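One-letter residues, chain by chain:
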Amino acid sequence: DAGVTQSPTHLIKTRGQHVTLRCSPISGHKSVSWYQQVLGQGPQFIFQYYEKEERGRGNFPDRFSARQFPNYSSELNVNALLLGDSALYLCASSLGQNHNEQFFGPGTRLTVL
Amino acid sequence: LAKTTQPISMDSYEGQEVNITCSHNNIATNDYITWYQQFPSQGPRFIIQGYKTKVTNEVASLFIPADRKSSTLSLPRVSLSDTAVYYCLVGASYNNAGNMLTFGGGTRLMVKP
């Protein structure tokens, strides 16, 4: 079985642009969470989605938004990119809303110039 | 959320047992202790979770003293492939409410030949 997949693998953007990152959870998993990992630090929680609804939100500005589709895949959108948004963006899936044994994807490396 | 403190880095040699200790003085009664492993350019991977005393699986052991203010992840006979960052997390159990994982800085383990 395939694990969590994310696309693209790498992305380079310039300040002020918009970016969309995509995630496909493990088959049968209904919960998707997004994390931002800046180089040298641990991942920081951004969002959790379950059954297409936002169920949790971390301390991130409104420039960050996400959604989940009927097939449980998810998109993370970031508007008005800043240099500080450069990071590895991780997607994790789990069976349900209340399961925190999460399975992470390989991440999308975003570089903002 | 309980804050965790871990050593920033540790060195070991192949075949040795490695013990990584995590301090969590403000752990709450309902909190569990979970350890994740992360290789470069990959998402974190669940290793082990426990509440008290000792938990063992095929990968590691987790020792938790009676006061639960610290915990020790034990990796038996490490190999070069165990070189990674290890994160200690404190929070809801994997089958309890909440899906947000709070990562600290982690411990960077370097295994040498």
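Predicted model, so just to flag it, every value in this text is computed and none were measured.

A. Examining the state of the cysteines more closely. Summed over the entire model, instances satisfying the criterion amount to two disulfides over all chains. What pairs with A:Cys23 in a disulfide is A:Cys91, and their sulfur atoms sit 1.8 Å apart. Negative torsions about the S-S bond denote left-handed disulfides, and the value of about -60° found for A:Cys23 with A:Cys91 makes this one left-handed. Taken together, the positions of A:Cys23 in strand S3 (residues 19-24) and A:Cys91 in strand S9 (residues 87-94) put the pair 68 residues apart, joining distant regions of the chain. Since its relative accessible area comes to 2%, A:Cys23 is described here as buried. We classify A:Cys91 as buried; its relative accessible area is 0%. Across the disulfide, B:Cys22 is cross-linked to B:Cys88 (sulfur-sulfur distance 2.2 Å). Judged by the sign of its S-S torsion, about -80°, the cystine formed by B:Cys22 and B:Cys88 is left-handed. With B:Cys22 in strand S2 (residues 18-23) and B:Cys88 in strand S8 (residues 84-91), this pair connects stretches of sequence that are 66 residues apart.

B. Spatial organisation of the pattern of salt bridges. Residue and element names in this part refer to chain A. This model, assessed by the stated rule, comprises eight salt bridges over all chains. Among the ionic pairs, Arg22 bridges to Glu75, the shortest N-O distance being 3.4 Å. Of this pair, Arg22 sits in strand S3 while Glu75 sits in strand S8 (residues 74-78); the two residues are 53 residues apart in sequence, bridging distant segments of the chain. You can call Arg22 partly exposed: its relative accessible area is 42%. On the accessibility criterion, Glu75 (11% relative accessible area) is buried. Between Glu75 and Arg67 there is a salt bridge whose closest N-O contact spans 3.3 Å. Classification of Arg67 by relative accessible area gives partly exposed; the value is 44%.

Conventions we followed
Residues numbered from 1 in each chain as written. Chains lettered and ligands numbered in written order. Predicted model: local features only at pLDDT ≥ 70, side-chain atom pairs only at ≥ 80, totals over all residues. Heavy atoms only, no water. Disulfide = S-S within 2.5 Å. Helix = DSSP H or I, 4+ residues; strand = E, 2+ residues; numbered from the N terminus. Buried < 20%, exposed > 50% of the residue type's maximum accessible area, 1.4 Å probe, protein only. Salt bridge = Lys/Arg side-chain N within 4 Å of Asp/Glu carboxyl O.

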